[in-house]
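Fold and geometry: a report
Spelled out, the chains give:
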Amino acid sequence: MDEKVTVRIPDGQREKIERVIKREYPKMKTISDVVRNALSQFLDKEV
């Protein structure tokens, strides 16, 4: 079963995060893509 995690980010912070993502991770489109990738990398190391 897939799990779903929901996080609320205030609009001002969301815009700042999205700018950093576009600059630092141009291949990723959304905050969710970055979080999903980071969690996958973390879990791969832990197993």
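Figured I'd write up the structure that's included with this text.

What counts, and where the lines are drawn
- Residues numbered from 1 in each chain as written.
- Predicted model: local features only at pLDDT ≥ 70, side-chain atom pairs only at ≥ 80, totals over all residues.
- Heavy atoms only, no water.
- Helix = DSSP H or I, 4+ residues; strand = E, 2+ residues; numbered from the N terminus.
- Buried < 20%, exposed > 50% of the residue type's maximum accessible area, 1.4 Å probe, protein only.
- Areas by Shrake-Rupley, 256 points an atom, 1.4 Å probe, with all protein chains shown as cover.
- Lys, Arg positive; Asp, Glu negative; His and termini not counted.
- Charge placed at Lys NZ, Arg CZ, Asp CG, Glu CD.
- Salt bridge = Lys/Arg side-chain N within 4 Å of Asp/Glu carboxyl O.

A look at the overall build of the protein chain
- Across its full length, the protein chain holds 2 helices and 0 strands.
- Seen through its principal axes, the protein chain has C-alpha atoms that stretch 35 × 20 × 15 Å.
- Looking at the 47 residues of the protein chain, the share that counts as buried comes to 4%.
- Put simply, the protein chain shows about 4,900 Å² of open surface, and 52% of that area lies on carbon and sulfur atoms.
- Here the protein chain contributes 11 positive and 9 negative side-chain charges, whose respective centroids are spaced 6 Å apart.

Structural notes on the environment of D11
- Its place among the elements puts D11 in helix α1 (residues 11-24).
- Overall, D11 belongs to the exposed group, its relative accessible area being 59%.
- Once the C-alpha coordinates of D11 and A38 are considered, the two residues, 27 residues apart in sequence, prove to be 22 Å apart.

A word on the pattern of salt bridges
- Here the structure, examined in full by the defined rule, presents 3 salt bridges.
- In this structure, the salt-bridge partner of E24 is R23, at a minimum N-O distance of 3.3 Å.
- D33 is the partner of R36 in a salt bridge, and the nearest nitrogen-oxygen pair spans 3.2 Å. Highlighted residues: R36 and D33, both in helix α2 (residues 31-46), separated by 3 residues, approximately one helical turn.

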